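# Residue-level structure breakdown
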Amino acid sequence: MKRVLHILLLMLSLSSCIKEKKKGADLGVGDLVPDFTVVMNEGTKVSGSLLRQGVSVIVFFTTQCPDCQETLPHIQQLYDEYLSKGVRFALISREEGQESISAYWSRRGFTMPYSAQEDRRIYELFAHTRVPRIYICSDGIIMSIFTDMPSNPTYEILSAELDKLL
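Predicted model, so just to flag it, every value in this text is computed and none were measured.

When helices and strands are counted, the protein shows five helices and seven strands. When the elements of the protein are put in sequence order from the N terminus, they spell out α-β-β-α-β-α-β-α-β-β-β-α. In the protein, which comprises 166 residues, the proportion classed as buried is 43%. Within the protein, residue pairs in contact and separated by at least 24 positions form 67% of the contacts whose partners lie at least 6 positions apart.

This next bit is on the environment of Y155. On the secondary structure map, Y155 appears in helix α5 (residues 155–165). With relative accessibility at 10%, the residue Y155 sits in the buried group. Taking the C-alpha atoms as reference, Y155 lies 4.9 Å from H74; in sequence the two are 81 residues apart.

Bringing a nonpolar patch on the surface into the picture now. Judged by side-chain polarity, L32, I141 and M143 come together as a nonpolar surface patch covering roughly 240 Å² of accessible area. Position of I141 relative to the elements: it lies in strand β7 (residues 141–146). Given a relative accessible area of 30%, I141 falls into the partly exposed group.

Before going further, it helps to examine the sheet that holds strand β5 (residues 114–115). What links the strands of a sheet is backbone hydrogen bonding, and the strands pair in either a parallel or an antiparallel sense. Ordered in space as β5-β4-β3-β6-β7, the five strands form an open sheet in which the pairing is mixed. With one partner strand each, in any of the chains shown, β5 and β7 form the two edges of the open sheet. By the bridge criterion, six bridges tie strand β3 (residues 55–61) to strand β4 (residues 88–93) in an arrangement that is parallel. What sits directly across from I58, in β4, is A90. Of the strands in this sheet, β3, β4 and β6 (133–138) touch helix α3 (residues 66–82), which is tilted by about 155 degrees from β4.

Taken N-terminus to C-terminus, the directions of α3 and α5 make an angle of 35 degrees; their axes are 9 Å apart at the nearest point. Judged by the twist between their axes, the crossing of α3 over α5 is right-handed. Where α3 approaches α5, its residues H74, I75, Q77, L78, E81 and Y82 are matched on the opposing element by Y155, L158, S159, L162 and D163. Looking at side-chain class alone, the contact of α3 with α5 contains six nonpolar, three polar and two charged residues.

It is worth spelling out the nonpolar core at this point. Counting 45 residues, the largest nonpolar core has I58, F60, L91, W105 and F126 as the members making the most contacts within it. Setting aside anything within four residues of it in sequence, one finds L91 in contact with M40, V59, F61, L72, I75, W105, M112, P113, Y114 and S115.

Definitions and limits used
- Residues numbered from 1 in each chain as written.
- Predicted model: local features only at pLDDT ≥ 70, side-chain atom pairs only at ≥ 80, totals over all residues.
- Heavy atoms only, no water.
- Helix = DSSP H or I, 4+ residues; strand = E, 2+ residues; numbered from the N terminus.
- Buried < 20%, exposed > 50% of the residue type's maximum accessible area, 1.4 Å probe, protein only.
- Contact = heavy atoms within 4.5 Å.
- Patch = residues over 30% accessible without salt bridge, like charges linked within 9 Å, V, L, I, M, F, W, Y side chains within 5 Å.
- Areas by Shrake-Rupley, 256 points an atom, 1.4 Å probe, with all protein chains shown as cover.
- Salt bridge = Lys/Arg side-chain N within 4 Å of Asp/Glu carboxyl O.
- Pairing = 2+ DSSP bridges.
- Axes fitted to C-alpha atoms, helices over the stretch in contact; angles between N-to-C directions.
- Left-handed = near helix turned anticlockwise from the far one by under 90°.
- Nonpolar A, V, L, I, M, F, W, Y, C, P; charged D, E, K, R; others polar.
- Core = buried A, V, L, I, M, F, W, Y, C linked by side-chain atoms within 4.5 Å.

Encoded structure:
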């Protein structure tokens, strides 16, 4: 019995040293925006290299997500104020198609361009869980990341972060 207990303890201690590789990225503050290209709903292309020029806001969302629904009006407010100040915006859906997003945008009166992505290919370059996910970047370096944890970011919080970079 004692030998079995020792073996179990040894197995437990060894397993704590082995880290399981997570699927997808999990970028953090200080990381570089990865290479990618998406086509926005109005036809323009946004790429990682474009977002590495100046200040940018990258938002991953789905319109069915209650936290995204709460956050997107704040993003629209940022877009309205900071686009003229040279801030670039990339709103990218996670597993949601054009038709669904277009209908939601129309109901809400949103004018921000978005890229409908029916899979997680672009999203997984950045993260493996959680939407909304907002990255505020300067010259391609992620300076701030916001999710719904501990709570959804407000316009005031997001604009304060942008003001620091402008």
